[in-house]
Amino acid sequence: MNIDEKYMKSALKQAQKAYQLGEVPIGCVIVHDRKIIGRGYNRRNTDKTSLAHAEITAIKKASKKIGDWRLEECTLYVTLEPCQMCAGAIVQSRITEVVMGSMNPKAGCGGSILNILEMPQFNHQVKVSRGVLEKECSELLTLFFKELRIRNREEKLRLRTDS
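Along each chain, the written sequence defines residue order, and numbers are assigned to residues from 1. Residues qualify for local features only when their pLDDT is at least 70, as the model is predicted, and side-chain atom pairs are given and counted only at 80 or more; totals for whole chains, interfaces and linings, by contrast, use all residues. In computing side-chain properties, one takes all heavy atoms of the structure into account and sets aside hydrogens as well as water.

Examining the overall build of the chain
Heads up, the rule is: Think of it this way: any DSSP run of H or I at least four residues long counts as a helix, any run of E at least two long counts as a strand, and we number them from the N terminus. Based on C-alpha atoms, the radius of gyration is set beside the globule rule, defined as 2.2 Å times the residue count to the power 0.38. Per-residue accessibility, obtained with a 1.4 Å probe over protein chains only, is compared with the maximum for each type, and a residue is labelled buried under 20%, exposed over 50%, and partly exposed between these values. Any two residues having at least one pair of non-hydrogen atoms within 4.5 Å are treated as being in contact. For every accessible area listed, the method is Shrake-Rupley and the probe measures 1.4 Å; residues are considered covered only by the protein chains on display. Just so you know, the count uses Lys and Arg for positive and Asp and Glu for negative, and it drops His and the chain ends. Taken as the charge centre is NZ of Lys, CZ of Arg, CG of Asp or CD of Glu, depending on the residue.
The helix and strand tally for the chain stands at five helices and five strands. Traced from its N-terminal end to its C-terminal end, the chain shows the element sequence α-β-β-α-α-β-α-β-β-α. A globule of 163 residues ought to have a C-alpha radius of gyration of about 15 Å, and the chain, at 17 Å, matches this closely. Dimensions of the chain along its principal axes, counting C-alpha atoms only, are 60 × 30 × 30 Å. Burial status across the chain gives 45% buried among its 163 residues. Relative to all contacts within the chain whose residues are 6 or more apart in sequence, the contacts with residues 24 or more apart total 57%. By element, 52% of the accessible surface of the chain is carried by carbon and sulfur atoms, the whole surface being about 9,300 Å². In the chain, 27 positive and 19 negative side-chain charges are present, and the distance between their average locations comes to 4 Å.

Things to note about the nonpolar core
Defined as follows: For the purposes of this section, nonpolar cores are sets of buried Ala, Val, Leu, Ile, Met, Phe, Trp, Tyr and Cys residues that join through side-chain atoms within 4.5 Å.
One finds Ile30, Leu76, Val98 and Leu117 to be the most contacted residues of the largest nonpolar core, which totals 45 residues. Not counting the four nearest positions on each side in its chain, Leu117 is found in contact with Ala87, Ile90, Val91, Val98, Met100, Cys109, Gly110, His124, Gln125, Val126 and Val128.

Structural notes on the environment of Met119
Assignment of secondary structure puts Met119 in the loop between strand 4 (97-102) and strand 5 (127-129). With relative accessibility at 26%, the residue Met119 sits in the partly exposed group. Distance in space between the C-alpha atoms of Met119 and Val91 is 9.6 Å, their sequence separation being 28 residues.

Quick look at the environment of Glu136
With respect to the element layout, Glu136 can be found in helix 5 (residues 134-162). Taking relative accessible area as the criterion, Glu136 reaches 34% and is therefore assigned partly exposed. With 26 residues separating them in the primary sequence, Glu136 and Gly110 have C-alpha atoms 19 Å apart.

Structural notes on unusual backbone geometry
Of note in this structure, Arg34 is not a glycine but carries a positive phi near 65°. Tracing the backbone shows Arg34 in the loop between strand 1 (27-32) and strand 2 (35-41). Taking the relative accessible area as the measure of exposure, Arg34 reaches 64% and is therefore exposed. Within the chain, Lys48 stands out as a residue other than glycine whose phi angle is a positive 55°. In this structure, Lys48 sits in the loop between helix 2 (44-47) and helix 3 (54-66). Residue class for Lys48 comes out exposed when judged on its relative accessible area of 73%.

See below:
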């Protein structure tokens, strides 16, 4: 197992925490000097805020650990391609590298819809790697949404029979 797979497995453990809460299973870890300094997982519904993304939580924790908003020489591992908010936060925090699991063709801003991470117009560009443990990351998301559709269908049926 290479180093990127090792840390992506840690990000997947964070995604499992989101899954257990019934949240979209997205997880993130930030690594500096081969140590995880920030962890996060999606908690939007639990915390009732659009800011509770895995990457934002991990960035907050890593910044607190380092004692600086600049996360230079850090690598962020995330199970799903970042959205526009998270991609912007990654650029703003000066993270050196991002390693992604699966791509997000509907909302991804690390190469799918936009590529905020590598835009030469910004004063900072991020080195990007894609597809690390993609199968595992995608399977967890697919399982979550399949189960969600089943729950929604069952709820609709229950409502019909109750009326």
